[in-house]
Amino acid sequence: MLLKTSLRSFFAHKGRMALSLVAVVLSVAFVSGTLVFSNTATSTFDTLFASTASDVSVGPAEPELGGKDTRAKTRTVPVDSVRKVAAVPGVKTAIGQVTVENATLADPATLKKVGPTTGAPTLVGNWVDSPRSPVEITSGHVPQGPDQVVLDADTAKKAKLGLGGKLRVIVNDNRDFTIVGIAAFKTTNPGAALAFLDTATAQSVLLGGPAYTSVEVYGDGSRSDEQLKSDALAGLGAGFEAKTAAEQKADGQKSVGSFLDFMKYAMLGFAGISLLVGGFLIINTFSMLVAQRTREIGLLRAVGGSRGQVNRSVLVEALLLGLAGSTIGIAAGLGLAVGLIQLMNAIGMHLDASDLKIGADVFVAGYAVGVVITVLAALVPALRASRIAPIAALRDHGTPVEARSNTVRAIIGLVLTAGGGGLLVLAAGAEKAATGGRLLGLGVLLTLVGFVVLGPLLATTVVRVLGALLPTLFGPSGRLAQRNAMRNPRRTGATAAALMIGLALVIGASVFTSSVIKSTNNQIDSSVGADYIVSAGPNGVSPEIVAAVRQTQGVDHTTEQKYLEAYFTAPDGKTEKNGISAVTARFTEDFRLPVKEGSPDSLKQGALAIGEDYAKDHGLKVGDPIKVDYGNGRVQSLPVGVVMTKGNQLFDGNTFASLDTVSKAVPAADQPVDAILFAKAAAGADVARTLTGLEDALKQYPQASVRDQAGYKDLVQEQVNTLLYMIYGLLGLAIVVAVLGVVNTLALSVVERTREIGLLRAIGLSRRQLRRMIRLESVVIALFGAVLGTALGLAWGITGQQVLRTQGLETLAVPTTTILLTLGASVVIGLLAALVPAFRAGRMNVLAAIATD
Amino acid sequence: MTTAAAAVYDPQLPGGAPAVAASARQVTKSYGAGETRVTALDAVDVDIQRGRFTAIMGPSGSGKSTLMHCLAGLDTVTEGRIWIGETEITGLKDKQLTRLRRDKIGFIFQAFNLLPTLNALENITLPMDIAGRKPDQAWLDRVVETVGLSDRLRHRPTQLSGGQQQRVAVARALAARPEIIFGDEPTGNLDSRSGAEVLSFLRRSVDELGQTIVMVTHDPVAAGYADRVLFLADGVMVDEMHAPTADSVLERMRRFDGKRTS
Ligand SMILES: Nc1ncnc2c1ncn2[C@@H]1O[C@H](COP(=O)(O)OP(=O)(O)OP(=O)(O)O)[C@@H](O)[C@H]1O
Ligand SMILES: [Mg+2]
């Protein structure tokens with residue numbers, strides 16, 4: 001009987017339920033979509049790694065020092081190690097492999113770079129007949145001879161290159177090859193570009209002589225991989241490192257993992273937002289259903305229904321909603337996963353959408369999220385419903401009146417908000433960023449909850465202010481709208497909360513990102529004197545490029561910067577690994593070091609410029625000696641010349657020494673090529689024309705790119721763009737859910753106010769005026785949410801900037817355009833949300849409305 | 001049993017207009033079709049005289065409300081024609097009807113007459129607000145005075161008694177000086193004392209302010225306040241009575257019932 005009542009009520013309120021359903025569906029879709037996507041991606045890559053990894057891969061041991069960055073030479077193993085490994089018992093085949101990451105592919109005709117633009121690697125190596133090759137030749141043949149190359153199909157397609165086409169391989173110098181074969185990935189293309197030469201050519205072009213980068217070992221099955229590994233290493237002696245198939249797989253997963261993780265966390269962020277905001281929508285829906293049914297429930301209680309029964313009937317409805325929402329949500333999640341996979345395919349990471357991995361976890365998580373959230377959200381209204389006095393059934397019909405002042409709510413809300421605000425202030429003033437961060441997190445949470453609790457109270461005041469203009473601007477519709485928005489503050493508050501949360505996050509994050517951009521730009525302006533920055537990816541800036549830049553008309557001088565690694569031993573005896581940037585003499589002219597102590601000129605006298613943090617950790621001051629060990633017995637002791645103030649992204653975490661100083665310990669032949677090159681325009685030279693000149697000069701070096709200061713700022717902007725896009729995604733989602741919430745509230749209000757609407761129409765309110773009234777109410781609610789959200793977001797964003805003021809975020813930037821756009825958007829949201837309810841109200845039959853009871 | 005009005009005035013004749021505020025000719029209103037067809041009004045002719053208080057009586061389901069709704073432009077007729085003043089309203093579009101109601105007609109319903117979000121004064125001036133007209137302050141004061149609400153103007157409807165609410169509704173109907181006021185059982189929800197108050201206000205507004213009022217009622221006592229009572233039965237205008245008293249109306253109604261049951 002109970003179930004029957006619930007079911008009947010559930011279907012009687014299809015429309016209303018549908019809106020809440022959308023909220024549940026969205027949340028569940030994001031959660032289950034994320035799971036399906038990451039399961040599928042993981043399994044695809046598992047298959048890839050499992051099917052391509054050799055049993056044991058033997059390579060040169062990781063040196064203690066020297067990163068792979070911009071190293072001119074790739075570390076190798078000698079040719080005879082193949083023979084040695086092959087002799088190990090249990091080894092069926094041992095294959096010498098050449099693979100380098102520091103080569104650039106280009107189309108010699110256009111001089112355009114060929115390969116991934118997303119940061120995925122370009123791998124060039126030798127073609128081997130390995131039992132587990134990731135690729136197979138689909139057209140043409142394997143490379144034979146010094147001018148043949150095989151390219152992977154995806155890269156070839158993107159670069160519009162085919163059999164017979166020319167491909168340039170750039171390592172230290174350029175070599176042009178003819179494409180004789182196209183190879184396709186057997187399982188999936190993780191996004192990399194692959195090019196293959198024959199072994200001899202690969203060795204000479206890529207490694208500069210006979211050697212391999214690794215030896216791939218395939219066992220005959222008689223021994224375990226572990227055994228093979230230790231036997232191989234024992235047979236080779238020192239200087240080698242080996243990885244079993246399992247270890248290779250783990251490495252591979254780590255490399256794709258970080259990207260997939262980003263996707264996963266972004267998606268879970270979306271799921272969280274839709275859950276949070278959806279929760280409000282559900283609470284609101286059920287509150288309204290309960291309010292609408294006050295009379296019905298009162299009657300049920302009057303004829304003897306117990307509180308528990310009333311309670312349960314609401315919860316059963318919620319359960320139905322949760323189940324339905326989760327089911328649809330899981331289905332939608334599959335769609336979302338497929339969409340994501342397509343997106344990945346579009347950016348070059350090939351996953352197979354036809355092989356979705358839908359585990360039990362998808363269903364468990366989907367239903368748990370959907371059902372639990374819905375039932376929890378419905379609990380509040382359910383309890384409220386059960387408190388409805390039986391007498392309510394006998395009371396005159398009309399909109400239920402809310403308790404006017406809710407002191408308890410006010411006190412709780414104020415305490416939370418004040419506490420949260422206090423925490424934010426403390427966070428902003430905190431000495432340490434870590435402490436500040438923790439305080440910020442807690443402050444964000446408290447202010448958010450505080451605002452949600454205070455929402456209904458704020459609704460009365462804020463809406464009065466917001467709506468004050470309505471009567472003057474829009475006449476009677478304006479006045480009616482203003483009053484309507486205020487008459488049910490709890491509902492207005494809860495409806496606006498959905499929008500508030502979304503916008504607070506968006507505004508907070510955009511304050512943060514625009515502060516990042518502005519701070520970095522300021523730092524560039526104040527400390528970079530160089531006009532141009534030349535970089536060349538993993539290849540490094542070769543001496544030819546340096547020469548080309550120097551010879552360009554309008555360039556006055558250049559500053560080279562090399563990157564090395566070394567062990568630093570401070571006078572306190574502590575040793576740690578550090579990066580060291582070796583710079584040429586004009587560095588101190590081209591860059592203004594953020595000096596805390598000392599003089600930049602000391603670099604020329606063989607001193608070091610160290611960061612404030614490092615100085616503090618080791619109690620260093622100007623003049624103290626630091627022992628710098630570059631490995632291979634190359635050691636020098638350098639005095640501290642400059643201590644750099646932290647907070648400038650360009651210098652933080654860096655140590656500088658002059659190249660002359662470093663060269664005293666590390667001979668030029670063993671130095672890596674330049675990591676980066678700076679150029680300064682001559683006095684009187686046209687800066688823009690010189691940039692064009694540089695671009696022309698560097699055309700034949702597709703691996704190199706040049707940017708002026710503006711271009712460099714764009715680069716910073718591009719780096720935060722990923723974050724920005726995510727923020728816009730969140731904004732979109734928040735808007736969708738908020739619109740649903742407002743539609744929901746308005747639709748219900750229209751139904752509740754049927755008689756009022758009838759009355760208004762009878763005494764002469766035109767359809768147009770009526771629709772305007774509803775639209776304005778909607779806009780007021782949306783604006784109210786937007787105003788609260790903006791206030792919260794600003795508080796969060798500004799505090800965040802303050803917390804990180806010593807970490808390079810010293811300039812606050814408030815994105816006024818974004819804020820204005822958001823407020824403008826909230827008006828649009830209001831108008832959109834009112835579309836259907838206003839239409840329905842306008843169409844309402846006057847007589848039927850009057851007759852409704 | 002023929003209606004005298006039809007013979008007195010044909011709105012299509014020039015010169016007759018001043019005496020008549022609203023009239024209906026051969027108005028038929030049916031609901032549904034086929035088997036379930038209900039004829040709520042059956043070829044009704046009626047004239048509402050200007051500056052007079054007209055009551056419409058009849059048994060439940062006789063079509064009183066339907067007639068009122070049709071006359072007031074709230075409902076469309078199946079057949080026949082209706083005029084408000086000199087304007088024929090049958091065939092008007094919703095937009096024009098709305099404007100007509102706004103500018104020429106006042107309403108008093110049995111219940112739920114007021115907007116809960118507006119105070120008494122705002123409710124009273126609402127029709128003028130909607131029309132974008134400034135209320136005539138002197139007139140407004142007089143109306144408010146007449147209905148005795150001067151000290152309650154800032155109260156919300158929920159803070160007023162049922163009788164006071166109906167008086168606000170009366171004031172609202174009067175304030176805009178409509179050509180005609182329609183009331184559907186305006187005292188139906190009130191006790192006899194509050195009902196009497198409201199009715200005497202209506203009476204006074206006719207006598208002192210020259211208002212035209214049409215009131216649907218079940219109550220012979222209420223009908224006794226009118227100048228003229230029209231009797232409806234099964235959608236047909238069956239009789240009328242001038243200068244009624246509660247007793248004469250009651251007497252007439254009894255005959256009515258007797259005839260129906262016989
Ligand atoms: N919307 C409708 N659909 C179908 N029939 C209707 C509709 N409205 C009214 N009726 C019918 O028309 C007839 C007249 O109804 P009306 O409401 O005018 O009666 P009334 O005289 O006002 O009655 P009461 O005194 O009970 O208010 C009734 O038989 C009623 O059932
Ligand atoms: Mg009626």
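Parameters at a glance
- Residues numbered from 1 in each chain as written.
- Chains lettered and ligands numbered in written order.
- Predicted model: local features only at pLDDT ≥ 70, side-chain atom pairs only at ≥ 80, totals over all residues.
- Heavy atoms only, no water.
- Helix = DSSP H or I, 4+ residues; strand = E, 2+ residues; numbered from the N terminus.
- Buried < 20%, exposed > 50% of the residue type's maximum accessible area, 1.4 Å probe, protein only.
- Contact = heavy atoms within 4.5 Å.
- Phe/Tyr/Trp six-rings, centres within 6.5 Å; stacked < 30°, edge-to-face > 60°.
- Lys NZ or Arg CZ within 6 Å of the ring centre and 35° of its normal.
- Core = buried A, V, L, I, M, F, W, Y, C linked by side-chain atoms within 4.5 Å.
- Pairing = 2+ DSSP bridges.
- Axes fitted to C-alpha atoms, helices over the stretch in contact; angles between N-to-C directions.
- Buried area = accessible area lost by both parts, 1.4 Å probe.
- Salt bridge = Lys/Arg side-chain N within 4 Å of Asp/Glu carboxyl O.
- Expected span 1.5 Å × (residues − 1).
- Bend = angle between axes of the 7 residues up to and from the residue.
- pLDDT = per-residue confidence, 0-100.
- Near = heavy atom within 4 Å.
- Polar contact = N/O pair within 3.5 Å; in protein donor to acceptor, adjacent residues only side chain to side chain.
- Areas by Shrake-Rupley, 256 points an atom, 1.4 Å probe, with all protein chains shown as cover.
- Nonpolar A, V, L, I, M, F, W, Y, C, P; charged D, E, K, R; others polar.

### Comments concerning the overall build of chain A
1) Next: From N to C terminus, chain A includes 24 helices and 23 strands.
2) Next: Projected onto its principal axes, the C-alpha coordinates of chain A cover approximately 95 × 65 × 55 Å.
3) Next: Counting across all 853 residues of chain A, residues that qualify as buried make up 53%.
4) Next: Long-range contacts, defined here as pairs at least 24 residues apart, represent 82% of the contacts in chain A between residues at least 6 apart.

### Some thoughts on the packing of aromatic side chains
1) Next: Enumeration according to the criterion identifies 9 aromatic pairs over all chains in this entry.
2) Next: With centroids separated by 6.3 Å and ring planes inclined at 90°, the aromatic side chains of F591(A) and F651(A) adopt a geometry described as edge-to-face. Residue F591(A) is located in the loop between α16 (587-590) and β17 (595-598), and its partner F651(A) is located in the loop between β20 (635-644) and β21 (656-658); the two are separated by 60 residues in the primary sequence. We note that F591(A), like F651(A), is buried.
3) Next: Arranged with centres 5.5 Å apart and planes meeting at 5°, the rings of F107(B) and F109(B) form a pair that is stacked.
4) Next: A relative accessible area of 1% places F107(B) in the buried class.
5) Next: Taken together, F587(A), F591(A), F651(A), F656(A) and F678(A) form an aromatic cluster joined through their ring pairs.
6) Next: Positioned above the aromatic ring of W139(B) is the side chain of R177(B), whose terminal nitrogen or guanidinium carbon lies 4.2 Å from the ring centre.

### Things to note about the nonpolar core
1) Next: Counting 139 residues, the largest nonpolar core has F286(A), I774(A), F107(B), I180(B) and F182(B) as the members making the most contacts within it.
2) Next: Ranked by size, the runner-up nonpolar core spans 45 residues in total, among them M57(B), L140(B), I181(B) and A233(B).

### Details of the sheet that holds strand β6 (residues 105-108) of chain B
All names here are of chain B.
1) Next: If you trace the 6 strands from one edge of the open sheet to the other, you get β6-β7-β8-β3-β9-β10, paired in mixed fashion. Where the open sheet ends on each side, the last strands, each with one partner, are β6 and β10 (236-242). Between one strand axis and the next, the sheet turns through 20° on average, direction left out of account.
2) Next: Here 4 bridges tie strand β7 (residues 180-184) to strand β8 (residues 213-216), and the two strands are oriented parallel to one another. From the neighbouring strand, G183 faces β8, where its bridge partner is M215.
3) Next: The sheet contacts of helix α2 (residues 64-71) involve β3 (53-57), β6, β7, β8, β9 (228-233) and β10, and relative to β7 the element is tilted by about 155°.
4) Next: Against the sheet, helix α6 (residues 162-175) makes contact with β6 and β7, and its axis sits at roughly 175° relative to β6, the strand it touches most.

### Comments concerning unusual backbone geometry
Residue and element names in this part refer to chain B.
1) Next: The backbone phi angle of Q26 is positive, close to 50°, even though this residue is not glycine.
2) Next: Positioned with a positive phi, E185 is a non-glycine residue whose angle comes to about 50°.
3) Next: Examined against the element boundaries, E185 turns out to sit in the loop between β7 and α7 (192-209).
4) Next: For E185, a relative accessible area of 16% puts it in the buried group.

### Quick word on the environment of I95(A)
All names here are of chain A.
1) Next: Along the chain, I95 falls in strand β2 (residues 91-97).
2) Next: For the pair formed by I95 and I763, sequence separation is 668 residues and the distance between their alpha carbons is 92 Å.
3) Next: The contacts of I95, once residues within four sequence positions are left out, are V128, D129, S130, P131, S214, V215, E216 and Y218.

### Quick word on the interface of chain A and chain B
1) Next: Across the contact, 22 residues belong to chain A and 25 residues belong to chain B.
2) Next: Around 2,200 Å² of area is buried between chain A and chain B when both sides are counted, 64% of it from carbon and sulfur atoms.
3) Next: On the chain A side of the interface with chain B, the three residues burying the most area are L759(A), I763(A) and L847(A), jointly 28% of the side's total.
4) Next: Counting across the chain A and chain B interface gives 5 salt bridges.
5) Next: Here D94(B) makes a salt bridge to R761(A), at a shortest N to O gap of 3.0 Å.

### Concerning helix α23 (residues 816-843) of chain A
Since the α-helix turns once every 3.6 residues, residues separated by three or four places project in the same direction.
Residue and element names in this part refer to chain A.
1) Next: Over its 28 residues, α23 runs 40 Å from end to end, which matches the ideal 40 Å to within 8%, given 1.5 Å per residue.
2) Next: Along α23, the helix axis deviates most sharply at L835, where the bend reaches about 45°; the proline P837 sits within four residues downstream.
3) Next: Summarising the contacts, the buried residues of α23 are in contact with α14 (489-527), α20 (709-752), α21 (754-762) and α22 (767-803).

### Some words on the sheet that holds strand β1 (residues 20-31) of chain B
Residue and element names in this part refer to chain B.
1) Next: Across the sheet, 4 strands lie side by side as β2-β1-β4-β5; this open sheet has antiparallel pairing. Looking at which strands have only one partner, the edges of the open sheet turn out to be β2 (38-49) and β5 (87-88).
2) Next: Summarising the sheet, strand β4 (residues 79-84) and β5 pair through 2 bridges and their orientation is antiparallel. Note on β5: the bridge partner recorded for W83 is E88.

### A closer look at the confidence of the model for chain A
Residue and element names in this part refer to chain A.
1) Next: In this model, chain A carries an average pLDDT of 82, and 92% of its residues clear a pLDDT of 70 or more.
2) Next: Looking across chain A, the model is least confident in helix α1 (residues 2-12), with a mean pLDDT of 65, and most confident in strand β8 (residues 148-152), with 92.
3) Next: Note that pLDDT drops below 50 for residues 66-72; the model gives that stretch 15 contacts with residues more than four away or on any other chain.
4) Next: Between residues 396-402, whose pLDDT stays under 50, and residues either more than four places distant or in other chains, the model counts 10 contacts.

### Some remarks on the site of ligand 1
Residue and element names in this part refer to chain B.
1) Next: Taken together, 13 residues sit near ligand 1, with S60, G61, K64, S65 and T66 positioned nearest.
2) Next: Backbone polar atom of G61 to an oxygen atom of ligand 1: 2.9 Å apart, as the coordinates give it.
3) Next: Here an oxygen atom of ligand 1 and a backbone polar atom of G63 are 3.0 Å apart.
4) Next: For ligand 1, the protein covers 59% of the area, taking 630 Å² as the surface of the free molecule.
5) Next: Mapped by element, the contributors of at least two residues to the shell around ligand 1 are β2 and α2.
6) Next: Residue contributions to the shell around ligand 1 peak at 3 residues, all from α2.
7) Next: Along the lines of polarity and charge, the residues of the shell around ligand 1 split into 4 nonpolar, 7 polar and 2 charged.

### Let's talk about the pattern of salt bridges
Pairing between side chains of opposite charge can happen when the charged atoms of each approach one another.
1) Next: For the coordinates displayed, the defined rule picks out 38 salt bridges over all chains.
2) Next: Among the salt bridges present, the one from E756(A) reaches R487(A), with a minimum N-O distance of 2.8 Å. Taken together, the positions of E756(A) in helix α21 and R487(A) in helix α13 (residues 469-487) put the pair 269 residues apart, joining distant regions of the chain.
3) Next: Between R767(A) and D94(B) there is a salt bridge whose closest N-O contact spans 3.7 Å. Residue R767(A) is located in helix α22, and its partner D94(B) is located in helix α3 (residues 94-104); the two belong to separate chains.
4) Next: Residue classification places R767(A) among the partly exposed residues on the basis of a relative accessible area of 31%.
5) Next: One network of salt bridges, in which partners are shared, links R479(A), R483(A), E122(B) and D129(B).

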